[in-house]
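# Structural characterization, general
Chain by chain, the residues run as shown.
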Amino acid sequence: MKRIRTVSFVLVFCMLLSLTACGGRTDVGEGDSYIYGLNTERTGLVKVAFDISQEDTEAAAEKVLEELKKSPEEIEYTAAIPENVEVQSCDLKGSILDVDFSSAYLEIENLEEKLVRAAVVQSLLRIDGIDGVTFTVDGNPLKDGDGYIIGLMNEDDFVENTGSSPSSYQTDTLTLYFANSTGDKLVSQQVDVRYSSNISKEKLIVEKLLQGPKGTGAYPTINPDANLLSVTIKDGICYVNFDNTFLTSVYDVLPEITVYSLVNSLVEGTDAFQVQITINGESNAKYMETVDLSQPLSKNMDWVAVDENE
């Protein structure tokens, strides 16, 4: 009889353990470490418990990517990265992680691809030392449905999503400042845009400035090869982080024109009242050895052409 009771206890314990394991990974509490999977319909994100190792940033990223592709034993969620898509490499440059996928990534349907991207990026950003993520496919930058390079992604590019599409679109008119024909004054240009609600306004503005003006009468100011590492707004200050390429001018414009095309456009188009430009996260730089970037800069309309400053 004692043996029967012992066996029964073991069976009950195993059943309880099985039930706990079944729903355990999606039962993520406050303060728990987690990554993202997709729900069974692959129409939304699901938090999945996962202990992220922080001993080495790139090694932690590799483990997270491996877990994002692993087929789960639970039925409550599915792996974020489809089975036929291979992660070919991940390369950490400073605080930016580039993830290269096989060509099968391009076969993912539009809605699902946005969710896959959201799950992967938001999972990787939970690793200390990673501030942004870029995707490539066979070494080529990932592009959206309109053929534009998606580029750097951080937490500002995604909204918390657990059951619906993470992307809707909205329209707006931006006031962007570019150089005049002589490169010594700013001129404004009204630009109508349609963009994903998951992209922050500040990132959109910087990307439009990097692309340069449309039409005639205005000229580009920022080196188009500059890499935007991150852009966020906190306590009224917009922090814009570029790589070293930003400090190299390729246009015949005054240094102040480049800097204040960025500052004026961001202050006018967002809730920020100042802009702090950093290079690889550091603020101890001078643009073209002329403009001090060590402190946040305020909008300066003195650099705008007279007929634009009404």
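Everything below is about the structure printed above this text.
Residues numbered from 1 in each chain as written. Predicted model: local features only at pLDDT ≥ 70, side-chain atom pairs only at ≥ 80, totals over all residues. Heavy atoms only, no water.

Scanning the protein chain from terminus to terminus reveals 5 helices and 14 strands. Looking at the protein chain as a whole, 45% of its 310 residues are labelled buried. For the protein chain, long-range pairs separated by at least 24 residues make up 64% of all intrachain contacts whose partners lie at least 6 apart in sequence. Counting only carbon and sulfur atoms, one obtains 48% of the accessible surface of the protein chain, whose full area is about 16,200 Å². (Helix = DSSP H or I, 4+ residues; strand = E, 2+ residues; numbered from the N terminus. Buried < 20%, exposed > 50% of the residue type's maximum accessible area, 1.4 Å probe, protein only. Contact = heavy atoms within 4.5 Å. Areas by Shrake-Rupley, 256 points an atom, 1.4 Å probe, with all protein chains shown as cover.)

Here we take up the environment of T134. Mapped onto the elements, T134 comes out in strand β5 (residues 132-137). You can call T134 buried: its relative accessible area is 19%. The spacing of T134 and D100 is 34 residues in sequence and 8.5 Å in space, taken between C-alpha atoms. Once residues within four sequence positions are removed from consideration, T134 is found in contact with I96, L97, D98, V99, G151, L152 and M153.

A separate point is the sheet that holds strand β14 (residues 297-298). Here we have 4 strands laid out as an open sheet, ordered β9-β10-β11-β14, and mixed in their pairing. Looking along the sheet, the strands with just one partner apiece sit at the ends: β9 (228-234) and β14. Both strand β11 (residues 274-279) and β14 contribute to a ladder of 2 bridges, which runs antiparallel. Note on β14: the bridge partner recorded for Q274 is S298. Most of the contacts of helix α4 (residues 201-211) go to β9, to which it runs at about 140°, and overall it touches β9 and β10 (237-242). Helix α5 (residues 255-269) contacts β10, β11 and β14 of the sheet and is inclined by roughly 135° relative to β11. (Pairing = 2+ DSSP bridges. Axes fitted to C-alpha atoms, helices over the stretch in contact; angles between N-to-C directions.)

Further remarks concern the packing of helix α2 (residues 57-69) against helix α3 (residues 110-124). The N-to-C vectors of α2 and α3 enclose an angle of 150°; their axes lie 10 Å apart at closest approach. In this view, α2 runs roughly antiparallel relative to α3, as classed from their interaxial angle. For the pair α2 and α3, the crossing hand works out as right-handed. Here A61, V64, L65 and L68 of α2 lie close against α3, whose contacting residues are V120, S123 and L124. Among the residues making up the contact of α2 with α3, the classes are represented as 6 nonpolar, 1 polar and no charged. (Parallel < 35°, antiparallel > 145°, perpendicular 65-115°, else oblique. Left-handed = near helix turned anticlockwise from the far one by under 90°. Nonpolar A, V, L, I, M, F, W, Y, C, P; charged D, E, K, R; others polar.)

Quick look at the side chain of Q189 now. Structurally, Q189 can be placed in strand β8 (residues 186-196). Under the relative-accessibility criterion, Q189 is labelled buried at 12%. Side-chain polar atoms of Q189 contact the backbone oxygen of K214, separated by 2.7 Å. Once residues within four sequence positions are removed from consideration, Q189 is found in contact with L174, T175, L176, F178, P213, K214 and A218. (Polar contact = N/O pair within 3.5 Å; in protein donor to acceptor, adjacent residues only side chain to side chain.)

What follows concerns the pattern of salt bridges. Oppositely charged side chains can pair when the atoms bearing their charge come close. Throughout the structure, instances matching the rule amount to 7 salt bridges. Of the charged contacts in the structure, one is a salt bridge between E112 and R42, with a shortest N-O distance of 2.8 Å. Of this pair, E112 sits in helix α3 while R42 sits in the loop between β1 (34-38) and β2 (45-49), placing them 70 residues apart in sequence. The network of salt bridges with shared partners includes R25, E67 and K70. (Salt bridge = Lys/Arg side-chain N within 4 Å of Asp/Glu carboxyl O.)

The next point concerns the pairing of β10. Across a regular strand the side chains alternate sides, sitting on one face of the sheet and then on the other. Taking burial as the measure, the 6 residues of β10 include 5 buried ones, the bulk of the element. Where β9 lies against β10, 6 bridges are found, and the strand directions are antiparallel. If you follow S230 over to β10, its bridge partner there is N241. In terms of strand pairing, β10 meets β11 through 6 bridges, oriented parallel. Bridging across to β11, Y239 finds its partner in Q276. The handedness of the β10 to β11 crossover, carried by α5, is right-handed. (Right-handed = clockwise from strand over helix to strand, strands pointing away.)

Judged by nonpolar contacts, the single largest core of 43 residues is most densely connected at V240, F242, F246, V259 and L262. The element contributing the most residues to this core is α5, with 7 residues. Setting aside residues up to four positions removed in sequence, F246 forms contacts with I222, A226, T258, L262, I277, I279 and Y287. By size, the runner-up hydrophobic cluster in this structure holds 41 residues, among which are L38, A104, A119 and F135. (Core = buried A, V, L, I, M, F, W, Y, C linked by side-chain atoms within 4.5 Å.)

Attention now goes to the sheet that holds strand β6 (residues 140-141). The 4 strands are arranged β3-β4-β5-β6 in an open sheet whose pairing can be described as mixed. With one partner strand each, in any of the chains shown, β3 (87-93) and β6 form the two edges of the open sheet. Here β5 pairs with β6 via 2 bridges, running antiparallel. From the neighbouring strand, V137 faces β6, where its bridge partner is N140.

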